[in-house]
Amino acid sequence: MTPDRYAVIGNPVGHSRSPAIHALFARQLADSIDYTRLECPNDAFVSTVRQLATSGAKGCNVTVPFKFEAYALGARTTPRARLAGAANTLRFDSDAGVDAAGGAKGWFADNTDGIGLVRDIEINAGVPLAGSRVLLIGAGGAAAGALGPLIEAGPSQVVIANRTRDKGMMLAARHLHLARTHQVMLLDTTLDDAGRAFDVVINASSTSLAGEEAPVDEQVLAPDTLAIDLMYGPLAVPFVEWARRHHATGRDGLGMLVEQAAEAFFIWRGQRPDTALVLAEMRRQLDVEPS
Ligand code: NDP
């Protein structure tokens, strides 16, 4: 039988480790899928994804810069994708008619980035978020995907620090209701005034991708801080070392990548892989020191 087809669409996408991760999931679960990279021009996302679906593929992951456009293609969206206004996972369900409950049928769109980050922090790194003080650096697509699930994990406070203050403010405003519901104090600030001694510091800005230094002062760290950069591979090393130099625990974004992929795999295939085994194998392949 021909394996079901999936792809990760982005621009650029050549660096993506998603095909390797999904191949490991499938092998572990004795499943068979065909998962490839699909690079598409910035003005051709919608036609590329429609072509993929028409050719019989079952779904796709979506990465920079198409997560906002991907969300707009979802006839059905999850609350976490709606809060983010962005999707990283599409399932090409039949796009006509109504379902058994009378709802609109069509493509299913979700955002698994945030739950992937929360699982990596709490399960893989062993740091509970409940009651903690969290600094979220950045207010772009990754931060937008992360904030809802972070709030739902019940920290006492989340501070968003972004280069462009307005964007941080808007991101906070969109999540204010959720924060109140979970009794989380949600604040926004500038990078220069990010605060001190957080329990968890998350670099969801693209500074590491650009080869730049950590964009906040070291006083955000304390000896027990978990400082995690969403970047992985060699580009994450300077941030991880910066954290360690200041006696915090540094961690890269590979665990989040594997966890968000596992959630997408579950959405498509209905099976949950053992992510610890796959993360260990990915670290071996990338030759990155475990955090
Ligand atoms: P976006 O382009 O949507 O957002 C970039 C963010 O970085 C904005 O907040 C921007 O601030 C900020 N920024 C950019 N340059 C600087 C700078 N020089 N100094 C300070 N802040 C800066 O990118 P994404 O949110 O999609 O991605 C962010 C990072 O997360 C990337 O490195 C990406 O690879 C990684 N990522 C990792 C994932 C994983 O699974 N591990 C999943 C998703 C993303 P401003 O608003 O001022 O422009």
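Residues numbered from 1 in each chain as written. Predicted model: local features only at pLDDT ≥ 70, side-chain atom pairs only at ≥ 80, totals over all residues. Heavy atoms only, no water.

Enquirer: Before we go on, may I ask you to explain the sheet that holds strand S11 (residues 226-229) in this structure?
Expert: Picture the strands of a sheet paired through backbone hydrogen bonds; they go either parallel or antiparallel. Across the sheet, which stays open at both edges, the 6 strands sit in the order S9-S8-S7-S10-S11-S12 with parallel pairing between neighbours. Only two strands of the sheet have a single partner each, and these edge strands are strand S9 (185-189) and strand S12 (249-251). For this sheet, the mean inter-axis angle between neighbouring strands, taken without regard to orientation, is 15°. Direction of pairing for strand S7 (residues 133-137) relative to strand S8 (residues 157-161): parallel, over a ladder of 5 bridges. Bridge pairing links Ile-137 to Ala-161 in S8. (Pairing = 2+ DSSP bridges. Helix = DSSP H or I, 4+ residues; strand = E, 2+ residues; numbered from the N terminus. Axes fitted to C-alpha atoms, helices over the stretch in contact; angles between N-to-C directions.)

Enquirer: Just to check I follow, could you spell out the pattern of salt bridges for this structure?
Expert: Two side chains of opposite charge can pair, provided their charged atoms sit close to one another. Under the definition given, this model contains 13 salt bridges. The salt bridge involving Arg-283 is made with Asp-252; its shortest N-O contact spans 3.1 Å. Separated by 31 residues along the polypeptide, Arg-283 in helix H11 (residues 275-286) and Asp-252 in the loop between S12 and helix H10 (254-269) bring together distant segments of the chain. Of the two residues, Arg-283 and Asp-252, neither departs from the other in class, the shared state being buried. Several salt bridges share partner residues, and in doing so they unite Arg-80, Asp-110, Arg-119, Glu-263 and Arg-272 into one network. (Salt bridge = Lys/Arg side-chain N within 4 Å of Asp/Glu carboxyl O. Buried < 20%, exposed > 50% of the residue type's maximum accessible area, 1.4 Å probe, protein only.)

Enquirer: Whenever I open this one, the pairing of S7 confuses me. Can you help?
Expert: Two faces make up the sheet, and in a regular strand the side chains alternate between them. Most of S7 is tucked away: 4 of the 5 residues are buried. As a crossover connection, the stretch from S7 through helix H6 (residues 141-152) into S8 is right-handed. Relative to strand S10 (residues 200-203), S7 runs parallel, the two sharing 4 bridges. Bridged to Ile-137 within S10 is Asn-203. (Right-handed = clockwise from strand over helix to strand, strands pointing away.)

Enquirer: What is the right way to read the side chain of Thr-275 from this model?
Expert: Within the fold, Thr-275 resides in helix H11. For Thr-275, a relative accessible area of 14% translates into the label buried. Here Glu-259 takes part through its side chain, which lies 2.9 Å from a polar atom of the side chain of Thr-275. With residues up to four places along the chain from it excluded, the contact list for Thr-275 reads Val-258, Glu-259 and Ala-262. (Polar contact = N/O pair within 3.5 Å; in protein donor to acceptor, adjacent residues only side chain to side chain. Contact = heavy atoms within 4.5 Å.)

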